[in-house]
There are 2 protein chains.
Amino acid sequence: MDKKEYALVVAGGKGTRMQSSLPKQFIEVNGLPIVMHTLNAFFRYSDKLTVVLVLPEDDFHLWDELVRKYSFTQPVILQKGGDTRFQSVRNGLDKMQGPGLVAIHDGVRPLVNADIIGASFRLAAVHKTAIAAVRLKESLRVTDQDTTHAVDRSKYRLIQTPQTFDLDLIKKAYQTREDPGLTDDASVAERAGHMISLFEGSYENIKVTTPEDLIIAGALLGRRD
Amino acid sequence: MDKKEYALVVAGGKGTRMQSSLPKQFIEVNGLPIVMHTLNAFFRYSDKLTVVLVLPEDDFHLWDELVRKYSFTQPVILQKGGDTRFQSVRNGLDKMQGPGLVAIHDGVRPLVNADIIGASFRLAAVHKTAIAAVRLKESLRVTDQDTTHAVDRSKYRLIQTPQTFDLDLIKKAYQTREDPGLTDDASVAERAGHMISLFEGSYENIKVTTPEDLIIAGALLGRRD
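Residues numbered from 1 in each chain as written. Chains lettered and ligands numbered in written order. Predicted model: local features only at pLDDT ≥ 70, side-chain atom pairs only at ≥ 80, totals over all residues. Heavy atoms only, no water.

Considering the overall build of chain A
Next, step 1: Secondary structure summary: chain A contains 7 helices and 11 strands in total.
Next, step 2: Each of the three principal axes of chain A carries a C-alpha extent, and together these read 55 × 45 × 35 Å.
Next, step 3: Considering only contacts within chain A whose residues lie at least 6 apart along the sequence, 72% involve residues at least 24 apart.
Next, step 4: In the form shown here, chain A has an accessible surface area of approximately 10100 Å², with 47% of it arising from carbon and sulfur atoms.
Next, step 5: Here chain A contributes 29 positive and 29 negative side-chain charges, whose respective centroids are spaced 3 Å apart. (Helix = DSSP H or I, 4+ residues; strand = E, 2+ residues; numbered from the N terminus. Contact = heavy atoms within 4.5 Å. Areas by Shrake-Rupley, 256 points an atom, 1.4 Å probe, with all protein chains shown as cover. Lys, Arg positive; Asp, Glu negative; His and termini not counted. Charge placed at Lys NZ, Arg CZ, Asp CG, Glu CD.)

Describing the pairing of strand 10 (residues 156-166) of chain B
Looking down a regular strand, the side chains alternate between one sheet face and the other.
Next, step 1: Of all 11 residues in strand 10 of chain B, 11 are buried, a share of seventy percent or more.
Next, step 2: Inspection of the sheet shows strand 8 (residues 140-144) of chain A paired to strand 10 of chain B by 3 bridges, in the antiparallel sense. Counterpart to Arg141 of chain A in the pairing with strand 10 of chain B is Arg157 of chain B.
Next, step 3: Summarising the sheet, strand 7 (residues 129-135) of chain B and strand 10 of chain B pair through 6 bridges and their orientation is antiparallel. Residue Thr129 of chain B lies in a different strand from strand 10 of chain B, and its bridge partner there is Phe165 of chain B. (Buried < 20%, exposed > 50% of the residue type's maximum accessible area, 1.4 Å probe, protein only. Pairing = 2+ DSSP bridges.)

Observations concerning helix 1 (residues 34-45) of chain B
Residues and elements named next belong to chain B.
Next, step 1: The terminal C-alpha atoms of helix 1, which comprises 12 residues, lie 18 Å apart, in line with the 16 Å expected from a rise of 1.5 Å per residue.
Next, step 2: Within helix 1, 10 of the 12 residues are buried, which leaves it mostly tucked inside the rest of the structure.
Next, step 3: Considered for burial, the residues of helix 1 that qualify are Ile34, Val35, Met36, His37, Thr38, Leu39, Asn40, Ala41, Phe42 and Phe43. (Expected span 1.5 Å × (residues − 1).)

Focus on the interface of chain A and chain B
Next, step 1: Contacts between the two partners involve 39 residues from chain A, matched on the other side by 39 residues from chain B.
Next, step 2: At the boundary of chain A with chain B, total buried surface from both sides reaches about 3700 Å², with 57% on carbon and sulfur atoms.
Next, step 3: The largest per-residue losses of area from chain A upon contact with chain B belong to Glu138, Ser139 and Arg141 of chain A, which jointly make up 18% of the total buried on that side.
Next, step 4: Linking chain A with chain B are 6 salt bridges.
Next, step 5: As a salt-bridge pair, Arg109 of chain A and Glu138 of chain B come within 2.7 Å of each other at their nearest N and O atoms. (Buried area = accessible area lost by both parts, 1.4 Å probe. Salt bridge = Lys/Arg side-chain N within 4 Å of Asp/Glu carboxyl O.)

A word on the side chain of Ser88 of chain B
Next, step 1: Considering the arrangement of structural elements, one finds Ser88 of chain B in helix 3 (residues 85-93).
Next, step 2: Setting aside residues no more than four positions away along its own chain, Ser88 of chain B makes contact with Val10, Val54, Gly81 and Gly82 of chain B.

By themselves, these are just geometric observations and shouldn't be taken as functional.
Written out as structure tokens, the structure is:
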């Protein structure tokens, strides 16, 4: 029997880097708030998916307004975020019951697509972890006091989301104490002793964090239409 | 006395990744071939700069056509490229005489700007090396047999161009034998025993290598006009 599939979309950002009072996940790009592009990608993958959207509680009213304004009819379970991404993910996981698989995804990665999401669930069903990653296009150096040294970039991967897991595994892993070394869900699972499997993400699957990224996301989303 | 300043723009690509018969540096974006956007950025920095453009010899006639078609009047010294980027840079350096400074730059990074170029020359005048670099926005993992491990991304930098050097230093460094570990000019200088100084590049300063990059470069260049 196939395992139940969940998506946990984390949209807790406060928009400080964006020089905007509107949190970046709600900024309209190509006719729709960024986070709605993101959610639509998951519903395009499967309409059987259970989708939990984690937002700061203060933004729940704004979300309701946007749902009306854009006639967004997809079924989304809202959960309140915490002070950090770590806490927001843990809150989101609290809404889910195993056995199952969960794709944890940044709300501000609107260029994810159904192929990537599907690949992550298929790999996680086998290996229990499936992390979207891409090779580095550019040379990499490591800093060391006053100087820097070249490193072999072919051994490194830039990590994206979705990061998809066996639900019981990641719920247990998130019972650990939060610390600054836990920069993403894969590092939480690794801390709990699990092997971390990567799969090929996409260079298009950018995280929208700066004003330039809005221009880029708009151009890439526009090309798809 | 200020040192003489050179730019070495390397445009040797054959366009295989671009699914295009036209080499990528000649593809028109926002009204101008990519490499002409790149060259214009250097001339906006200073009209006293001596600019050497390294192209495959087979593309010299195409370059002449493009110069006429786009009425490109900037003074550019052409040099023929080699079979690899390493050889192309070495050929370009052969056109220059020290003492001086040289900014080596990818022809397919059209979003470089005068501020970045100026910063690279100022730093190289003091430290003899000045490499544009940016921090990683995403988590980084290193691959290791069957699994992967998180690494502290704050210690790493993604390397861009310009990579600017004392001219005598980099000419001597390029007398070394070519090997696959030498992925950029900084690694050539490091091999010769020099300290490598980084400065802050820009996330906009992308290398155009894929069809998606063309869309992104077009959007970013369009916003500037």
